[in-house]
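A structural walkthrough
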Amino acid sequence: MKAIIPAAGLGTRFLPSTKGTPKELLPVLNKPVIQYVVEEALEPAGVDGVVIVNSREKPQIESYFHVDDEFESMLRGRGKAKEADLVHAAGAMPVSFVYQDDPKGLGHAVYCAADAVDDEPFFVLLGDYFVPDRQMCVKMAEVSRAHNNASVIAVAPVPADQVSRYGIIAGECVGSLDGSEVAEEDEGAVWKVTGLVEKPAPEEAPSHLFIVGRYLLSPRIMDLLADQGVGAGGEIQLTDAMERLLSEEEMYAVVVDPEEGCDTGTPAAWAATNARLALADDAQRAAFMEALGSEAASKLA
Ligand code: G1P
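Counting of residues starts from 1 at the beginning of each chain's written sequence and follows it residue by residue. pLDDT decides what is reported in this predicted model: residues at 70 or higher carry local features, side-chain atom pairs at 80 or more are listed and counted, and totals for whole chains, interfaces and linings draw on all residues regardless. Each side-chain value is worked out from all heavy atoms of the structure, with water and hydrogens disregarded.

1. A look at the pairing of strand β12 (residues 251–255)
Working definition: with a 1.4 Å probe on protein chains only, accessible area under 20% of the residue-type maximum means buried, over 50% means exposed, and in between means partly exposed. By definition, any uninterrupted DSSP run of H or I lasting at least four residues is a helix, any uninterrupted run of E lasting at least two residues is a strand, and each is numbered from the N terminus. Burial runs high along β12: five of the five residues are buried. Of the two faces of β12, the one holding M251, A253 and V255 and the one holding Y252 and V254 are both buried throughout. For two strands to count as paired, DSSP must find a minimum of two bridges between them. Looking at chain direction, strand β8 (residues 151–157) and β12 are connected through five bridges and run parallel. Paired with S151 across the strands is M251, a residue of β12. Sheet topology note: the strand β10 (residues 189–198)/β12 ladder contains three bridges and is antiparallel. Bridge pairing links W191 to A253 in β12.

What follows is the structure, encoded as C-alpha cells:
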C-alpha cells in the first residue's frame, strides 16, 4: 500500500527563499518538513512506500532521499557517526518519485501517481501539514477497517466565514472511533459522507467540517480522476472526483483536532511550528528560550 505526497508547488509564499530551496526542504529544527510527512505516511500498518509527486524544478528533494555513500563516509571519517546515521536513515526511506509537469490542481497531482498504487487503497497526505505523533492516518485506517475498507478522510470544524478556503463535507454522524458517545463535531466522531464541495460560499456549505488534508482513498478514484474536469479555481479538484465516487462507493470521515498537527504552509505558520517543536523537545527547550531572549519570550505568553 502506498501513500502519495503532492509536492510540485512553487512555494510562492516563501519567496525569495524558495528560489534556492524547495519549501518541502525547509527545516523544522534539524529535519526538512517533508521528512516529517514521509515518516507520518509510513506509520499506518501496510504502508510500504511513499510516492512524492514532484516538479522537475526541484531535483533537490529527490537528492535528499538518496543514499549518498561518499557524504556519509566523509562524515564518519570526521567522527560524525551519529550525523551519518541520520543522513543514511533519510536516504534509505522507501520513497519514489513521479513528476507533475503542469500544475493543474490537487486532483491532477494525485492522478500523476496512478501507476504507482497498484489497484490498492492509498493515502494522500498534503505536505504543508504534519502530525508529530503520526496517529491521524492510523485512526483513519481503523475507521476504514470498521466500514468494509471504505475511503476515509480526516475532517475538522471550521468557522463559517472560512469554509470557502477548504473542501467541505455533507453527511451525518454515524458513531465514533471507539464506540463512545461523542457530539457530532467532536474529536473521534465518525460521519458517513453524502456529499463534498470544494471551496463553497458560506451560504452553500453543507456543514462546517473541512477536509484537513489526510485521505485514505479507494483506487477507483484514479479512474475518476482520469477524466475529471476542472472545478473551483479552474483546477482539477480531488474533492470533485471524490464527490463522483460517492455514487459508487461508501465514504466516511473522522473528526480530528487539527491542532494535533503542525502547519508549515506560510512563513508565520512555519515559524510557529519550529517554536512549538522546540518547546516540546526536552533537549531543545532551554536553548530555544535562551536564544529567544526574555523580551520576545514575554511576548509569547
Ligand atoms: C486542498 C483541498 C481542500 C482541503 C485543503 C486542506 O485545498 O483541495 O479540499 O480542505 O487542501 O488544506 P488547497 O489548500 O490546496 O487549496
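2. Let's talk about the pattern of salt bridges
Any carboxyl oxygen of Asp or Glu within 4 Å of a side-chain nitrogen of Lys or Arg constitutes a salt bridge here. The final tally for this structure, using the stated rule, is 17 salt bridges. Between R244 and D227 there is a salt bridge whose closest N-O contact spans 2.9 Å. You can see R244 sitting in helix α9 (residues 238–245) and its partner D227 sitting in the loop between α8 (220–226) and α9, a full 17 residues away along the chain. Put simply, K31, E39, E43 and R134 are held in one network by salt bridges that share partners.

3. Points about the environment of A160
Examined against the element boundaries, A160 turns out to sit in the loop between β8 and β9 (167–176). Taking the C-alpha atoms as reference points, A160 and H208, 48 residues apart in sequence, are found 6.4 Å from one another. Contact partners of A160, with chain neighbours within four places excluded, come to P202 and H208. By definition in these notes, contact holds between two residues if any of their heavy atoms fall within 4.5 Å.

4. Observations concerning a nonpolar patch on the surface
Each patch is built from salt-bridge-free residues with over 30% relative accessible area, joining like charges within 9 Å and nonpolar side chains (Val, Leu, Ile, Met, Phe, Trp, Tyr) within 5 Å. Where accessible areas are quoted, they stem from the Shrake-Rupley method and a 1.4 Å probe; at the residue level, only the protein chains shown are allowed to cover. Together, L279, M289 and L300 make up an exposed nonpolar region whose accessible area comes to about 240 Å². Mapped onto the secondary structure, L300 falls in helix α11 (residues 285–300).

5. Quick word on α9
Every buried residue of α9 is listed here: L238, T239, A241, M242 and L245. Along the axis of α9, the buried residues cluster in a sector spanning 160°; they form a single face. Starting at the helix axis, one direction is taken to each C-beta atom, and the arc is that of these directions.

6. Topic: the site of the ligand
Taken together, the residues surrounding the ligand are L106, L126, Y166, G167, E198, K199, I211, V212, Y215, Q237 and T239. For the ligand, an oxygen atom lies 2.6 Å from a polar atom in the side chain of K199. Residue proximity to a molecule or strand is established when one non-hydrogen atom of the residue lies within 4 Å of it. Polar contacts, as used here, are pairs of N or O atoms within 3.5 Å; protein pairs need one atom able to donate a hydrogen and one able to accept it. Residues neighboring in sequence count only if both atoms are side-chain atoms.

7. So, the nonpolar core
Burial of nonpolar side chains together is a common tendency in soluble globular proteins. Counting 45 residues, the largest nonpolar core has I34, V38, I52, F65 and F123 as the members making the most contacts within it. Setting aside residues no more than four positions away along its own chain, I52 makes contact with I5, A7, I34, V38, I61, F65, V95, S96, F97 and V98. Here, nonpolar core means buried Ala, Val, Leu, Ile, Met, Phe, Trp, Tyr and Cys residues that are tied together by side-chain atoms lying within 4.5 Å of each other.

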